[in-house]
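Notes for the structure review
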Amino acid sequence: MSPRRFYLYTATGTFAWTAFLTLVGFWLGENYDAVEAWINPVSNVIAAGLAGWYLYRVATFQRRVRGSSAQ
């Protein structure tokens, strides 16, 4: 791909993505209370899932390290 075509596609994609985020931000700003009511429980579930995944990885780390050195 030529640099000129790459820059054209990159600029077009950047403009489209920025316009999309701007419009969504404008819409969500007007409905902040509704968005907050929906996002708060979802973010709590995501945070709990990440914490559970981290604790699982910490709990099984030593077992995997010892098991791989015995082979």
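Going by what an unreviewed UniProt entry lists, the protein is known as DedA family protein and is assigned to Parvularcula bermudensis.

Concerning the overall build of the protein
When helices and strands are counted, the protein shows two helices and zero strands. The proportion of buried residues among the 71 residues of the protein is 3%. Only carbon and sulfur atoms are counted for the fraction: they give 69% of the accessible area of the protein, which is about 6700 Å².

Considering the UniProt feature "transmembrane region" (unreviewed entry) in the protein
As annotated by UniProt and renumbered to match this structure, "transmembrane region" (unreviewed entry) occupies residues 7-29 and 35-56. Here residues 7-29 runs as 100% helix and 0% strand, with 32 Å between its end C-alpha atoms. Measuring from the first to the last C-alpha atom of residues 35-56 gives 31 Å, for a span that is 100% helix and 0% strand.

Re a nonpolar patch on the surface
Among the surface-exposed residues, Met1, Phe6, Tyr7, Leu8 and Tyr9 lie close enough to one another that they form a single nonpolar patch of about 650 Å² accessible area. Among the structural elements, tyrosine 7 can be located in helix H1 (residues 3-30). With relative accessibility at 57%, the residue tyrosine 7 sits in the exposed group.

Criteria and cut-off values
Every chain's residues receive numbers from 1 upward, in the order its sequence appears when written. Per-residue local features are limited, in this predicted model, to residues with pLDDT of at least 70; the limit for side-chain atom pairs, both in listing and counting, is 80 or more; totals at the level of whole chains, interfaces and linings are taken over all residues. Hydrogens and water molecules were not included; the side-chain quantities draw on all heavy atoms of the structure. Secondary structure elements are defined from DSSP: runs of H or I of at least 4 residues count as helices, runs of E of at least 2 residues count as strands, and each element is numbered from the N terminus. A simple rule labels every residue: compare its accessible area, found with a 1.4 Å probe on the protein chains alone, to the largest value its type can have, and call it buried under 20%, exposed over 50%, or partly exposed in between. Per-residue accessibility takes into account occlusion by the displayed protein chains alone, with areas from the Shrake-Rupley method and a 1.4 Å probe. UniProt positions are given in the numbering used here, feature names are shortened, and annotations may be inferred rather than shown by experiment. Each patch groups residues whose relative accessible area exceeds 30% and which form no salt bridge, using 9 Å between like charges and 5 Å between nonpolar side chains of Val, Leu, Ile, Met, Phe, Trp and Tyr. For this analysis, a salt bridge means a side-chain nitrogen from Lys or Arg found within 4 Å of a carboxyl oxygen belonging to Asp or Glu.

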